[in-house]
Amino acid sequence: MSNKFDKYLNCECCKILDKLGYNQVFKNIIMDDERFITEEMKMEFFEHMKEYDGISDVMQYCDSFFNKPSRAPLANKKYLFKGERVDNRIYNIELGRVAKKMSISLSVKNALDKQLLFASNSNLSDIDNEDALNYLLIDIQDKESITDNRFKDFINEFGIGKQILQDNPMWTFEGLDNDDVFYGIDLVDLPCLLGLPGVKRTHEQYDKIPRVAFSLKVSFEVLVYKPTSFDAGLTTVWRHGGKTKCHVECEGKYGVTGMEEYVHEPVSFDSITSNIYQI
Amino acid sequence: MKGQQIDIKKLISDNKTALTDRDGLKPLFIIAERISRKDNLQLENNVENQILNLDLENLNIEQVNTLLSFVYYSKIDVSNIIPYFKKYITSNAHSSSDLIVLKRGILIRFIIELKVKYFNLKDILAEKNLREKSPWIWIDCMSYYNWSIAEDEISIQISKKQHEFQNLLYRIPAFHRRIDNHLFCESLQTWHANLSKLNKQKLDDWANKFKVKVSDLSLEAISKIDSLPLFQNELMEY
């Protein structure tokens, strides 16, 4: 690693994170392409780490850097979406998205609550929302036999199509086929194939988190970028190069090439083109 | 810049501005995930203490919803939290403010769903303000105690505006889970009979989508058979 950052790696915050197994995060930042993550930005990150007060939750403290300024809209965030802008080809192809089931559950509930609270002073409880979602989500083994787009019907019925799926950056990937992002992929392998993190944002227990997968098309007004180390933040599984890096467990099945990955502003519910599959 | 402790009040309020992880979870719910693993008692205790020091009076609806979602997904020990919620519910029992009625309602519903026996049928029947101002929250609560009363109230609500009907559609799986199947199917038929043609079709479609097996016939067909004069009915059975 470059020695101009070595002095920072001995700061308390960095030492704590190193001890917890997050050293790869610093490597990612230091090695990042300085056409996009400049030396000055890297310095700002490490200065932030140096100022750690010793009593805060260290992960939340580190996360707060990437979110600066905290109240700014995404387009005005200082450290996000600084990678290479992707060309307009991206708007003509289907992209894949894997999210935590909890995240989709909360997104749907929030979207419906907005409608229902306004219209009828009502909202849904989490437990009832999960019941409904469990019926809308498709099990992998039923993927081929279910021909209707259940989730699209639901979005249309409840009028939440224009609502944003989540408030903040989304990560998506490009499949082997422009019209079928899951072509050649066993959906159950997606967390491994995409190299997704576990609950501690490391490789550990990456396959123990309930997740869902779906395809979407990004609309023209959404800007799409190649991710940088600052977009990846405090996760140890991400690597440079603009492609996903699969976990070693599925290298034999899918090889090590990886798939093109992207980060972008959030899309709306009606950007989803497939059913939502439980994986 | 000074660092920050985990600040639950801030995380509940800043839910919109906080960054998500790659899987789409906000920091508040990443913390919920951590607590649900039950391997960090210190974190759980810290968060529990913060919840017990929240001023529920000054939280808006969105913040209360977020708080309850957090408690739900974190599976945090609620043995101290529930009495704290109950205190708010009791001390605001006579308020007629729409906001307070709704806040009380979703807190009552949350406690009932956890199967904590703080309330009974009489308590819910006495919640007249809730029934009037937030009927679907009241229905959710009543559905745990007396389905017949809940069904009647649903019939009243879905005969009103379209969005009231949507409240029912989305609740079908939840009601189906907790009410006896036969009873629920009868309710579907009852509601079906009083709906517009469009809504009848929707109820049928969504009952199918949500895998509620009313019979081998659609609700529409059942309704038509039921409306046949008796002797034709007998012929069909024959």
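Everything that follows concerns the structure shown earlier in this document.
About the cut-offs
Residues numbered from 1 in each chain as written. Chains lettered and ligands numbered in written order. Predicted model: local features only at pLDDT ≥ 70, side-chain atom pairs only at ≥ 80, totals over all residues. Heavy atoms only, no water. Helix = DSSP H or I, 4+ residues; strand = E, 2+ residues; numbered from the N terminus. Contact = heavy atoms within 4.5 Å. Areas by Shrake-Rupley, 256 points an atom, 1.4 Å probe, with all protein chains shown as cover. Rg over C-alpha atoms; globule rule 2.2 N^0.38 Å. Axes fitted to C-alpha atoms, helices over the stretch in contact; angles between N-to-C directions. Parallel < 35°, antiparallel > 145°, perpendicular 65-115°, else oblique. Left-handed = near helix turned anticlockwise from the far one by under 90°. Nonpolar A, V, L, I, M, F, W, Y, C, P; charged D, E, K, R; others polar. 1 Å grid on protein atoms, 1.4 Å probe; cavity = no way out; pocket = protein on both sides within 12 Å on 5 of 7 lines; lining within 4 Å. Points joined across faces, edges and corners; volume = space filled by probe spheres on them. Pairing = 2+ DSSP bridges. Salt bridge = Lys/Arg side-chain N within 4 Å of Asp/Glu carboxyl O.

A. Focus on the overall build of chain B. A tally of helices and strands in chain B yields 15 helices and zero strands. Intrachain contacts of chain B at a sequence separation of at least 6 include 60% that bridge at least 24 residues. Total accessible area on chain B stands at roughly 11500 Å², and carbon and sulfur atoms take up 52% of it.

B. Representation of the overall build of chain A in the model. Helix and strand content of chain A: eleven helices and seven strands. For a compact globule of 279 residues, the expected C-alpha radius of gyration is about 19 Å, and chain A comes in at 20 Å, within 12% of that figure. Taken along its principal axes, the extent of the C-alpha atoms in chain A is 60 × 50 × 35 Å. Intrachain contacts of chain A at a sequence separation of at least 6 include 76% that bridge at least 24 residues. When the accessible surface of chain A is summed, it comes to about 11500 Å², and 49% of that surface belongs to carbon and sulfur atoms.

C. Just the packing of helix H6 (residues 98-113) of chain B against helix H9 (residues 135-142) of chain B, in detail. All names here are of chain B. The contact between H6 and H9 brings their axes to 9 Å, and the two run at 20°. For the element pair H6 / H9, the angle class is roughly parallel. Between H6 and H9 lies a crossing of left-handed hand. Each of Leu102, Gly105, Ile106, Ile108, Arg109 and Ile112 in H6 lies in contact with H9, whose residues at this interface are Ile137, Asp140 and Cys141. Of the residues contributing to the contact of H6 with H9, the split by class is six nonpolar, one polar and two charged.

D. Spotlight on empty space enclosed by the protein. One pass over the structure, following the stated rule, counts five cavities of 30 Å³ or more. Here the largest cavity is characterised by a volume of approximately 100 Å³. In terms of lining, the largest cavity is formed by Arg97(A), Val98(A), Trp171(A), Thr172(A), Phe173(A), Leu194(A), Leu196(A), Thr244(A), Glu261(A) and Arg22(B). Sorting elements by how many residues they give to the lining of the largest cavity places strand E3 (residues 170-174) of chain A first, with three residues. Its residues placed into classes, the lining of the largest cavity shows five nonpolar, two polar and three charged.

E. Focus on the sheet that holds E3(A). Residues and elements named next belong to chain A. Taken together, seven strands build an open sheet; the order of strands is E2-E7-E4-E1-E3-E6-E5 and the sheet is mixed. Single-partner strands in this sheet number two, and they are strand E2 (138-139) and strand E5 (224-225). Direction of pairing for strand E1 (residues 95-100) relative to E3: antiparallel, over a ladder of two bridges. In the sheet register, Gly96 faces E3, and the bridge partner there is Phe173.

F. View of the interface of chain B and chain A. Each partner contributes residues to the interface: chain B has 58 residues there, and chain A has 69 residues. Where chain B touches chain A, the interface holds seven salt bridges. Of the charged contacts in the structure, one is a salt bridge between Asp128(A) and Arg178(B), with a shortest N-O distance of 3.0 Å. Listing elements by their share of the side of chain B that touches chain A, those giving two or more residues are helix H2 (27-36), helix H4 (61-74), H6, H9, helix H11 (162-178) and helix H13 (197-209) of chain B. It is H11(B) that contributes the most residues to the side of chain B that touches chain A, twelve residues altogether. Grouping the amino acids of the side of chain B that touches chain A by side-chain chemistry returns 22 nonpolar, 14 polar and 22 charged.

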